[in-house]
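# Understanding the architecture of this molecule
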Amino acid sequence: MSSNYYEHYPTVALEKPLLLTGFPGIEYREVGRDLAALTGLPFIAVDHWVEHQAGQSLRALVESQGAAAFHQAQTSMLHKALGSRPCGIIAAGDGVLIAPTNLARALEQSVVIGLRLSLAAVYWELRRRLRQHGSLPQPFLPCPLDGIEQLRPLFAARRESYQSAHVTIDMEYRNADDAVRLLMESLPRLGGSELGAPAAKR
């Protein structure tokens, strides 16, 4: 039996990373993770890198060090993710692309894919997650979340980054599996090319 029988290898090579983004409550991280699992590509969640570097949750980081420190850490991890090789799947959320320089860099160095839901659909999804988990991990979401109008300013602040995406997927009538299938079918035009299996080691 070859020594690499159970080894995990990519089946696709990308010209640029695919960067998935969306408003909190949209399953862009789940889509990115599942797409990476199907293709064997690396998966990077920028906010998870921030939490690992800080040794605390996003909300705790903002409460202890302030929003400026949080945004600086996000920017640093975004740049690191965009430069990571081989090119893989990046999930970037919680407003990291609000900064014009971050958005410009992401648009230049990756294929930005925005997952979109209506404000009303996002509100009810966040309410569902609150009932299920008792809290929301994103530091700038209002807590308690009592009305849709609380989300409108955050939604508006992120609109430019979503509208600037190279590709937009409407999630209103799709789930994460639907989006993954759509992206798998679209990989050739997104700069993906198939790789053969590596030669077996003796």
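We now turn to the structure provided with this report. (Residues numbered from 1 in each chain as written. Predicted model: local features only at pLDDT ≥ 70, side-chain atom pairs only at ≥ 80, totals over all residues. Heavy atoms only, no water.)

The subject of this paragraph is the overall build of the protein chain. Of regular secondary structure, the protein chain possesses eight helices and seven strands. For a compact globule of 202 residues, the expected C-alpha radius of gyration is about 17 Å, and the protein chain comes in at 18 Å, within 12% of that figure. With respect to the three principal axes, the spread of C-alpha positions in the protein chain is 60 × 35 × 35 Å. For the protein chain, long-range pairs separated by at least 24 residues make up 78% of all intrachain contacts whose partners lie at least 6 apart in sequence. In the form shown here, the protein chain has an accessible surface area of approximately 10700 Å², with 52% of it arising from carbon and sulfur atoms. (Helix = DSSP H or I, 4+ residues; strand = E, 2+ residues; numbered from the N terminus. Rg over C-alpha atoms; globule rule 2.2 N^0.38 Å. Contact = heavy atoms within 4.5 Å. Areas by Shrake-Rupley, 256 points an atom, 1.4 Å probe, with all protein chains shown as cover.)

Turning to helix α1 (residues 28-39), a few remarks are in order. Along an α-helix, residues three or four positions apart point the same way, because every turn accommodates 3.6 residues. A rise of 1.5 Å per residue sets the reference length of α1, with its 12 residues, at 16 Å; its end C-alpha atoms lie 16 Å apart and thus fit the reference within 8%. Among all positions in α1, only Y28, R29, V31, G32, L35, A36 and T39 are buried. Buried residues of α1, seen end-on, are gathered within an arc of 160° and therefore sit on one face of the element. Away from the buried face of α1 by more than 90 degrees, exposed residues A37 and L38 are located. In the stretch just after α1, G40 is the one whose phi turns positive, near 80°. (Expected span 1.5 Å × (residues − 1). Buried < 20%, exposed > 50% of the residue type's maximum accessible area, 1.4 Å probe, protein only. Arc of directions from axis to C-beta.)

Before going further, it helps to examine the packing of α1 against helix α8 (residues 176-186). It is the contact of α1 with α8, at a shortest axis distance of 9 Å, that shows an interaxial angle of 50°. The orientation of α1 with respect to α8, classified from their angle, is oblique. Between α1 and α8 the crossing geometry is right-handed. Residues V31, D34, L35, L38 and T39 of α1 touch α8, and the partners they reach there are A176, D177, A179, V180, L183 and M184. (Axes fitted to C-alpha atoms, helices over the stretch in contact; angles between N-to-C directions. Parallel < 35°, antiparallel > 145°, perpendicular 65-115°, else oblique. Left-handed = near helix turned anticlockwise from the far one by under 90°.)

Strand order in the open sheet formed by five strands is β3-β4-β2-β5-β6, with parallel pairing between adjacent strands. Single-partner strands in this sheet number two, and they are β3 (43-45) and β6 (167-170). The mean angle between the axes of side-by-side strands here comes to 20°, regardless of whether they run parallel or antiparallel. Pairing analysis gives three bridges linking β3 to strand β4 (residues 89-91), with the strands arranged parallel. Looking at β4, one finds that A45 is bridged to A91. Contacting β3 and β4, helix α2 (residues 46-54) crosses the sheet at an angle of about 65° to β3. (Pairing = 2+ DSSP bridges.)

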